[in-house]
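Read off the chains here:
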Amino acid sequence: MGKIIYWVHQSVDGFIEGPNGEFDWPVMGAELSAYSLEQSERAGAFVYGRKVWEVMSYWWPRAESMSDAHGRAFAPIWRRTPKIVLSRTLESADHGARVIGADLVEQVAALRAEPGGGLLLTGGSGAAAALTDHGLIDEYQVVVHPVVLGGGKPVFPPKDRLALRLVGSRSFDGASVLLRYERAG
């Protein structure tokens, strides 16, 4: 399926959730929404860690009745795109999702070798950290939103240093900035 892209929203101070788990602060303006939808359309599969999967599998099947314009546009993309859940605790998942638990490196490497679009890993930091530890993420797409949360869950958990190389940047809606990185060296 090609390369793995980690797509994540973060605050200016580097958090993906506020101190109490809040995720009410990212604003999907028209430009950011369009970019997000284009990227989602190109994905061969969506990849989630278990915690993000639990939120996504509840929300997106019902989004048209509970969501804004971005959510209503994304919901049908979500339903038709294959989904993969990285979890050591789940044995199966609904909505046709495939669960990868054991042999993470081997199974993800096999997925990358399959034909189709790339793998789009979205959301939390746990799955991204596991894939990063094994050198499996090809590109980090970090959307920085104009908010300081003052604490919470960091986008990158404390680990060894990881050198990245900027391959692109773009602003959206006069508010958010996309930073695109690849591993350096």
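The protein appears in an unreviewed UniProt entry as Dihydrofolate reductase from Micromonospora inositola.

Student: I'd like a rundown of the sheet that holds strand 4 (residues 83–86), residues and numbers included.
Tutor: Pairing in this open sheet of 8 strands is mixed, and the strands run 5-4-3-6-1-7-10-9 from one edge to the other. Sheet topology places strand 5 (98–100) and strand 9 (164–172) at the edges, where each strand pairs with a single neighbour. If you compare each strand with its neighbour and ignore which way they point, the axes differ by 25 degrees on average. Here 3 bridges tie strand 3 (residues 45–49) to strand 6 (residues 119–122), and the two strands are oriented parallel to one another. Bridge pairing in strand 6 links Phe-46 to Leu-120. Along the sheet, helix 4 (residues 69–80) contacts strand 3 and strand 4; its crossing angle with strand 3, the most-contacted strand, is approximately 90 degrees.

Student: Just give me the short version of the pairing of strand 10 (residues 176–183), but keep the residues and values in it.
Tutor: As paired strands, strand 7 (residues 139–145) and strand 10 are joined by 5 bridges and run antiparallel to one another. Note that in strand 10 the partner of Val-144 across the bridge is Val-177. Both strand 9 and strand 10 contribute to a ladder of 8 bridges, which runs antiparallel. From the neighbouring strand, Arg-165 faces strand 10, where its bridge partner is Glu-182. Counting the residues that bridge the hairpin from strand 9 to strand 10 gives 3 residues, and of these Asp-173 lies at a positive phi of roughly 60 degrees.

Student: Tell me about the pattern of salt bridges, and name the residues and values.
Tutor: For the structure on display, the rule yields 6 salt bridges. For Asp-138, the salt bridge identified is with Arg-112, shortest N-O distance 2.6 Å. Pair noted here: Asp-138 is in the loop between helix 6 (126–133) and strand 7 and Arg-112 is in helix 5 (residues 104–113), with a separation of 26 residues, a long-range link. One salt-bridge network, in which partners are shared between bridges, spans Lys-3, Glu-139 and Arg-180.

Student: Quick one: what's the story with the confidence of the model for the protein, residue by residue and with numbers?
Tutor: Summary statistics for the protein give a mean pLDDT of 91 and a share of 99% for residues scoring 70 or more. Put simply, helix 3 (residues 63–66) is where the protein has its lowest mean pLDDT, 70, and strand 9 is where it has its highest, 98.

Student: Any chance you could break down the pairing of strand 1 (residues 4–11) for me, citing the residues and the numbers?
Tutor: A large share of strand 1 lies buried, amounting to 8 of its 8 residues. Neither face of strand 1 is exposed, since Ile-4, Tyr-6, Val-8 and Gln-10 on one face and Ile-5, Trp-7, His-9 and Ser-11 on the opposite face are all buried. As paired strands, strand 1 and strand 6 are joined by 4 bridges and run parallel to one another. Each residue of the ladder has a partner; that of Trp-7, found in strand 6, is Thr-122.

How each quantity is defined
Residues numbered from 1 in each chain as written. Predicted model: local features only at pLDDT ≥ 70, side-chain atom pairs only at ≥ 80, totals over all residues. Heavy atoms only, no water. Pairing = 2+ DSSP bridges. Helix = DSSP H or I, 4+ residues; strand = E, 2+ residues; numbered from the N terminus. Axes fitted to C-alpha atoms, helices over the stretch in contact; angles between N-to-C directions. Contact = heavy atoms within 4.5 Å. Salt bridge = Lys/Arg side-chain N within 4 Å of Asp/Glu carboxyl O. pLDDT = per-residue confidence, 0-100. Buried < 20%, exposed > 50% of the residue type's maximum accessible area, 1.4 Å probe, protein only.

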